[in-house]
Amino acid sequence: MEVRLPTAHGEFLAVGYLDLRSGIEQVALVHGDVPGDAAGERVLTRVHSECLTGDAFASTHCECGDQLSAAMEAIVAAGRGILVYLQGHEGRGIGLLAKLRAMKLQEAGLDTVDANIALGLPVDAREYGVAAGILRDLGVRSVRLLSNNPRKRAALLRHGIAVAEQVPLLMPPGVENIRYLRAKRERLDHDLPHLDGIPHLDAIPGPPDLPRPPGSPGLSGPSGSRAGNA
Ligand SMILES: [Zn+2]
């Protein structure tokens, strides 16, 4: 089912789906002619994970709300594109209440990765098969993916959607989210080259060197150990 959806960012077609496997309702916003004369190639696409606190309440704990607006604006500016909004992805798939608990642990000094682990929950439980299915249904063969997350690109590839290009979606960091963004860069491999060299943020220390649970992922030792910005 589909319906015209005028927004502050421009006009979209809202296309609704029911994922029969999970029972979760999903929606894609389509702007312009997709697949159009390019036969579904290189469609500017954002696969956005639901974040109630960021998307609806404009929380500055994360950058989700800003990314959602920026992606819709970029798609309208490009003349065509798709936003797939994935419900069931709160807190990288742990759910809303667990995400709130994880945010409380982050206030106490854990980073976003260790907070999930401390709760006995996966660091990232998001699944992208439904997003790939929606894109296929809309006639998309390859995307220019608005994302800083190489794991998202890899997941779409695994599900048969070619990623012709990864288009950065970099939001200016702020006092409230700089630690969170550093953790995403240093522990979850996000491409976030813009976090350093901002004087009032460089002065904010990383989280304390808390004992790290066994099996916790990470490339660069305890978070906060990066001398450059700690
Ligand atoms: Zn968020």
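Just so it is clear, the structure is predicted and the values come from calculations on it, not from any experiment.

### Overview of the overall build of the protein
- What the protein contains, in helices and strands, is 9 helices and 7 strands.
- Buried positions account for 36% of the 230 residues belonging to the protein.
- In the protein, 62% of the contacts between residues at least 6 apart in sequence involve partners at least 24 apart.

### Structural notes on the nonpolar core
- Core analysis: the biggest nonpolar cluster contains 35 residues, and I82, L83, V84, A131, L135 and L156 have the highest contact counts within it.
- Once residues lying within four places of it in the same chain are set aside, the contact partners of L83 are A28, L29, R46, H48, A71, M72 and I75.

### Considering unusual backbone geometry
- Backbone geometry places R42, a non-glycine residue, at a positive phi of 55°.
- You can see R42 is positioned in the loop between β3 (25-31) and β4 (43-49).
- Residue classification places R42 among the partly exposed residues on the basis of 16 C-beta atoms within 10 Å.
- The backbone of R92 sits at a positive phi, close to 55°, despite the residue not being glycine.
- Classification of R92 by C-beta neighbours within 10 Å gives buried; the count is 21.

### Here's the deal with the sheet that holds β4
- Spatially, β1-β2-β3-β5-β4-β6-β7 is the arrangement adopted by the 7 strands of the open sheet, whose pairing is mixed. Each of the sheet's edge strands pairs with one partner strand only, and the pair in question is β1 (2-7) and β7 (162-167). If you compare each strand with its neighbour and ignore which way they point, the axes differ by 30° on average.
- Pairing analysis gives 5 bridges linking β3 to strand β5 (residues 81-86), with the strands arranged antiparallel. Considered in β5, the bridge of L29 is made with L83.
- Packed on one face of the sheet, helix α2 (residues 64-78) meets β1, β2 (10-18), β3, β4, β5 and β6 (142-146) and runs near 165° to β4.
- Along the sheet, helix α6 (residues 129-137) makes contact with β2, β3, β4, β5 and β6, crossing β5 at roughly 150°.

### A short note on the confidence of the model for the protein
- The predicted model of the protein averages 89 in pLDDT, with 88% of residues at 70 or higher.
- In this model residues 218-230 is a low-confidence stretch, pLDDT under 50, and it forms 28 contacts with partners more than four residues away in sequence or in other chains.

### Notes on the pairing of β4
- Across the 7 residues that make up β4, a large majority, 7, are buried.
- Side-chain alternation along β4 places V43, T45, V47 and S49 on one buried face and L44, R46 and H48 on a second face that is also buried.
- Pairing between β4 and β6: 3 bridges, direction parallel. When the bridges of β6 are listed, V43 appears paired with V143.

### Comments concerning α2
- With 15 residues, α2 should cover 21 Å at 1.5 Å per step; its first-to-last C-alpha distance of 21 Å lies within 8% of that length.
- Among the residues making up α2, those that are buried are C64, Q67, L68, A71, M72 and I75. Viewed along the axis of α2, the buried residues span an arc of 130°, placing them on a single side of the element.
- Summarising the contacts, the buried residues of α2 are in contact with β1, β3, β4, α1 (52-56), β5 and β6.

Conventions we followed
- Residues numbered from 1 in each chain as written.
- Predicted model: local features only at pLDDT ≥ 70, side-chain atom pairs only at ≥ 80, totals over all residues.
- Helix = DSSP H or I, 4+ residues; strand = E, 2+ residues; numbered from the N terminus.
- Buried ≥ 20, exposed ≤ 12 C-beta atoms within 10 Å, placed from the backbone.
- Contact = placed C-beta atoms within 7 Å.
- Core = buried A, V, L, I, M, F, W, Y, C linked by C-beta atoms within 7 Å.
- Pairing = 2+ DSSP bridges.
- Axes fitted to C-alpha atoms, helices over the stretch in contact; angles between N-to-C directions.
- pLDDT = per-residue confidence, 0-100.
- Expected span 1.5 Å × (residues − 1).
- Arc of directions from axis to C-beta.

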